[in-house]
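Tertiary structure, described
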There are 2 protein chains.
Amino acid sequence: MSLVVVGSVAYDAIETPHGKREHTLGGACTYISLSASYFTDVSIVAVVGDDFAQEDRDLLAKRKIDLRGLEQVPGKTFFWSGVYSPDMNDRETLQTDLNVFADFKPKLPDGYDERPYLLLGNIQPELQKDVYRQMKHLRFAGGDTMNFWIQSYREQLLEAIRNWDFLLINDSEARMLAGENNLRKAAQKILDMGPNTLVIKRGEYGAMLFRRDTLFIAPGYLLEEVFDPTGAGDCFAGGFVGYLAECGFDLRNGHIDAQDLYRAVIYGSVMGSFCCEQFSVDRFRQLTRQEIDQRFEEFRRFTSF
Amino acid sequence: MSLVVVGSVAYDAIETPHGKREHTLGGACTYISLSASYFTDVSIVAVVGDDFAQEDRDLLAKRKIDLRGLEQVPGKTFFWSGVYSPDMNDRETLQTDLNVFADFKPKLPDGYDERPYLLLGNIQPELQKDVYRQMKHLRFAGGDTMNFWIQSYREQLLEAIRNWDFLLINDSEARMLAGENNLRKAAQKILDMGPNTLVIKRGEYGAMLFRRDTLFIAPGYLLEEVFDPTGAGDCFAGGFVGYLAECGFDLRNGHIDAQDLYRAVIYGSVMGSFCCEQFSVDRFRQLTRQEIDQRFEEFRRFTSF
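What comes next is a walk through the structure. (Residues numbered from 1 in each chain as written. Chains lettered and ligands numbered in written order. Predicted model: local features only at pLDDT ≥ 70, side-chain atom pairs only at ≥ 80, totals over all residues.)

Side note on the environment of A:Leu223
Inclusion rule: Strands here are runs of E lasting at least two residues and helices are runs of H or I lasting at least four, both read from the DSSP assignment and numbered beginning at the N terminus. The exposure scheme places C-beta atoms from the backbone and then counts, for each residue, the other C-beta atoms within 10 Å of its own, assigning buried at 20 or more, exposed at 12 or fewer, and partly exposed in between. Placing C-beta atoms from the backbone, we regard two residues as in contact once those atoms come within 7 Å.
By secondary structure assignment, the location of A:Leu223 is in the loop between β13 (214–218) and α8 (232–247). On the neighbour-count criterion, A:Leu223 (18 C-beta atoms within 10 Å) is partly exposed. Put simply, A:Leu223 and A:Glu277 are 54 residues apart on the chain and 7.9 Å apart in space, counted from C-alpha to C-alpha. Excluding residues that lie within four positions of it along the chain, A:Leu223 makes contacts with A:Ser273, A:Cys276, A:Glu277 and B:Arg184.

Okay, structure coming up:
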C-alpha cells in the first residue's frame, strides 16, 4: 500500500564525537522515505537545487522510491549543519540555509492523490494542510512538526492537525504544544486537538503511543555504538507508518488492531536505532529487511516478562 | 524468605512543585524496607537519634519490619533537605546533617546473619563490606552506591562490590563507575568488576538489567501525577530484591530463572511509581499488595506487542 512522504531533502554537515562529514545527504523526507521503503512503496514530494547529486538520487531510486515528486529547481539544496554534545543527547545547529526550500510549494504528481497513506514531515503547517486537502482516499494520515511552528504558527498548526489521524512529535514538543509538563496529561490534551493517535518520541529512551483507550510504551533499543543520531526520529516515523502501510492498516474504515500500532512503534524504534549506527544515511546503503526483523525479535526478547 | 536491609533512616525536608514538607520520614533504608515488606520479611540495620518519633517506628512495625537492628542513640537523626526542579527531573540538596549517622557502625542482631537476602543501601563501602562478611547463608546479595563513593572511595568500593551478586545504580553513576558513556559498554565493564547482575535505574525512563547472557529493558511507568520522587530509586530496589526473596531466588546454587529477574525489575518499577504518588512515605500508609499486582499487570498490557 503506497505512502506519500512530504518534507525536506537536504545536505547536512555533521560533527559527532565519532567524526565529521562536510556534505552529506540528509533531510526529514530523505530519512523517512528510506526507512519506510523497507515496508511499503514510497512516493516523495520535495524540492532540491541543481547541486543535487546523481548518486544521492540513485540511492533513493535504488530503494524503489518514486521520485517524480522530487522537484529540481535552480539554486542550492537546503543545507543544515550541526554539532553534537559528547553524550550525543544534545546538538547545536551551526547553520541553516533554506535555499530552494524557502519557496517549496509541494506539487503532487499524477496518481499521488490516490495513495492511502500520508506522512507530512516537519514543514510549514499551511503546506501540510494544502497537501492533506488534495488526498482523496486516505486510510491513515498525519505528520510531524517542531517547536518553531508550535510557538510561531500555533493557529495554523492546530488547524492542520485537527483532521490528522496521527501526530508524531518528541517529548519536549508535546509538552510545549499542550502547555503541560506531565506527559500523560499532555497527551490527553493533544488527543483533544484532533489526532486520534499520538506518538511521542523520546530519543534514546524510546517512544509512547497514546489513543483514547490505549497506552503503549516502548523503551529505546540499546546500541553498542551511537555514531550519528541525525535522522533517527524521522527513521522512526518512516518505520512506524511504513509498517502500518504494509499491514494495510485502515483507520478510516475502522479495520484496526491496536497490536498493529504497537508493533509499528517497535518497527519505528528499530529503524531509528539502525539510523544511528553510521553517519548520515549510510546504514541504509546495506541494511536488509532480514536485519530489521531480527532486531524486532530481539526487541521482543529484551522487553518480555 | 528473609531480607536484611542496611542503610539510612532519616528525616527529610522536601519541596516539590506540589508542596512542601518540613520534617518527614525518609532515608534509603526506610524506603527500601517499606517497599520490600510487600513481598518478604524484612529486617533492618540502621541508626536513629533520640528524636525518632514513635509514630514513625509504628509505621515500620505495622509493615512487620523487624526493628531489632534499628539502633537508637543520643543525638539527632540524619537530616536531609532538598528542592526539586519544576519538571522534577533534577533536585538540589539544601542541607545534609549526618548527625548520629556519622558514627553508624552496623550491628547485626541475633539471627540476621542467617538470612539469605541482603540489600546494602548507599553507605560507606567499608561498612557494606563489614556487613557482607558477617552473612553466612546468602542466596542473593548486593547493593547501591552513589557518586561520592565512586569518586572518593573508589578502591574500597571496588573491593566491596567484587563479591556482590548485584549492583543497583542509576545511569550517571554507571557511566562514572565504568568511565564509559555508552551504557551497554559501561554495563560490560561493571560486570567485569564482580557483580553478575547489574540493574541500571533511569528514573522516569525505566530500568535495565544486564547479565553476561541477558539484557532486559523496562520503560518507566507513566504517572498522571508525580508528587514527590524522593525515595523512588530505593523503592525500586526494595521491590526488586523483595520480589526475588518472595520467589526464593537462589543465585548461589544456580536455581535461577531469568524471567524472575525480569519480573523483579517490573515490580521494582511498580514500587518506584507508587512512591512518587504522594509525599515522603505516605503512599505506603495505604498501599495494598492487590494494587501492586494490578499495576504489574497494567505494565504487561502497555509493554506487550
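Quick notes on the relation of the copies chain A and chain B
Note the cut-off: Here the copies were fitted onto each other by least squares, based on C-alpha atoms from residues at pLDDT of at least 70 in both.
After a rotation of 180° and a shift along the axis of 0.0 Å, chain A superposes on chain B with an RMSD of 0.0 Å. Put plainly, the chains are arranged around a two-fold axis. For chain A, the minimum C-alpha distance to the rotation axis belongs to A:Pro219 and amounts to 2.4 Å. Looking at the interface residues of chain A, 100% of them are also at the interface in chain B, so both copies use one shared face.

So, the sheet that holds strand β11 (residues 197–201) of chain A
All names here are of chain A. Convention followed: Strands were regarded as paired on the criterion that DSSP finds at least two bridges between them. Here an angle of 0 to 180 degrees is reported between the N-to-C directions of two axes, which are lines fitted to C-alpha atoms, with helices fitted over the stretch in contact.
Sheet architecture is open: 9 strands sit in the order β5-β4-β1-β8-β9-β10-β11-β12-β13, paired in mixed fashion. Only two strands of the sheet have a single partner each, and these edge strands are β5 (70–72) and β13. With strand direction ignored, the average angle separating the axes of adjacent strands in the sheet is 15°. With respect to the sheet, helix α7 (residues 183–191) is in contact with β10 (166–170), β11 and β12 (207–211), its orientation differing from that of β11 by roughly 140°.

Remarks on the interface of chain A and chain B
Counted only if it meets this: Here the term charged refers only to Asp, Glu, Lys and Arg, the term nonpolar to Ala, Val, Leu, Ile, Met, Phe, Trp, Tyr, Cys and Pro, and the term polar to all other amino acids, Gly among them.
Tallying the contact residues gives 26 residues for chain A and 26 residues for chain B. Counting only elements with at least two residues in the side of chain A that touches chain B, the list comes to α7, β13, α9 (258–275) and α10 (289–303) of chain A. When grouped by side-chain class, the residues that make up the side of chain A that touches chain B number 15 nonpolar, 5 polar and 6 charged.

A closer look at the sheet that holds strand β2 (residues 10–16) of chain B
Residue and element names in this part refer to chain B. Strands sit in the order β3-β2-β6-β7 across an open sheet of 4 strands; the sheet is mixed. Each having just a single partner strand, β3 (19–26) and β7 (91–97) make up the two edges of the open sheet. Across this sheet, the average inter-strand angle for adjacent strands is 15°, counted without regard to direction. Both β2 and β3 contribute to a ladder of 6 bridges, which runs antiparallel. Looking at the pairing, Thr16 lines up with Gly19 of β3.

Some remarks on the environment of B:Asp113
Residues and elements named next belong to chain B. You can see Asp113 is positioned in the loop between β7 and β8 (117–120). For the pair Asp113 and Tyr132, spaced 19 residues apart in the sequence, the C-alpha separation amounts to 9.1 Å. Ignoring anything within four residues of it in the chain, the contact list for Asp113 reads Leu108, Gln134, Met135 and Lys136.

Let's talk about the pairing of strand β2 (residues 10–16) of chain A
Residue and element names in this part refer to chain A. Taken across its 7 residues, β2 has 5 buried, putting it largely inside the fold. The hairpin formed by β2 and strand β3 (residues 19–26) contains 2 residues between the paired strands. As paired strands, β2 and strand β6 (residues 79–84) are joined by 5 bridges and run parallel to one another. Within β6, the residue paired with Glu15 across the bridge is Val83.

Points about helix α1 (residues 28–36) of chain A
Along α1(A), 9 of the 9 residues are buried, which leaves the element largely enclosed by surrounding structure. Among the residues of α1(A), A:Ala28, A:Cys29, A:Thr30, A:Tyr31, A:Ile32, A:Ser33, A:Leu34, A:Ser35 and A:Ala36 are the ones counted as buried.

Things to note about the pairing of strand β1 (residues 3–6) of chain A
Residues and elements named next belong to chain A. Of the two faces of β1, the one carrying Leu3 and Val5 and the one carrying Val4 and Val6 are both buried. Sheet topology note: the β1/strand β8 (residues 117–120) ladder contains 4 bridges and is parallel. Across the sheet, residue Val4 finds its bridge partner in β8, namely Leu118. Relative to strand β4 (residues 42–48), β1 runs parallel, the two being bridged by 4 bridges. Bridge pairing in β4 links Leu3 to Val42.

A look at the packing of α1(A) against α8(A)
Residue and element names in this part refer to chain A. Test applied: Note on angle classes: values under 35 degrees are labelled roughly parallel, values over 145 roughly antiparallel, values of 65 to 115 roughly perpendicular, and the remainder oblique. If you view the pair so one helix is near and one far, a crossing is left-handed when the near helix is turned anticlockwise from the far one by less than a right angle, and right-handed when it is turned clockwise.
It is at 7 Å that the axes of α1 and α8 come closest, and there the two elements cross at 40°. Relative to α8, the element α1 is oriented oblique. Note on packing geometry: the crossing formed by α1 with α8 is right-handed. Side by side, α1 and α8 meet where Ala28, Tyr31, Ile32, Ser33, Leu34, Ser35 and Ala36 of the first sit next to Asp234, Cys235, Ala237, Gly238, Gly239, Val241 and Gly242 of the second. Split into classes, the residues belonging to the contact of α1 with α8 amount to 8 nonpolar, 5 polar and 1 charged.

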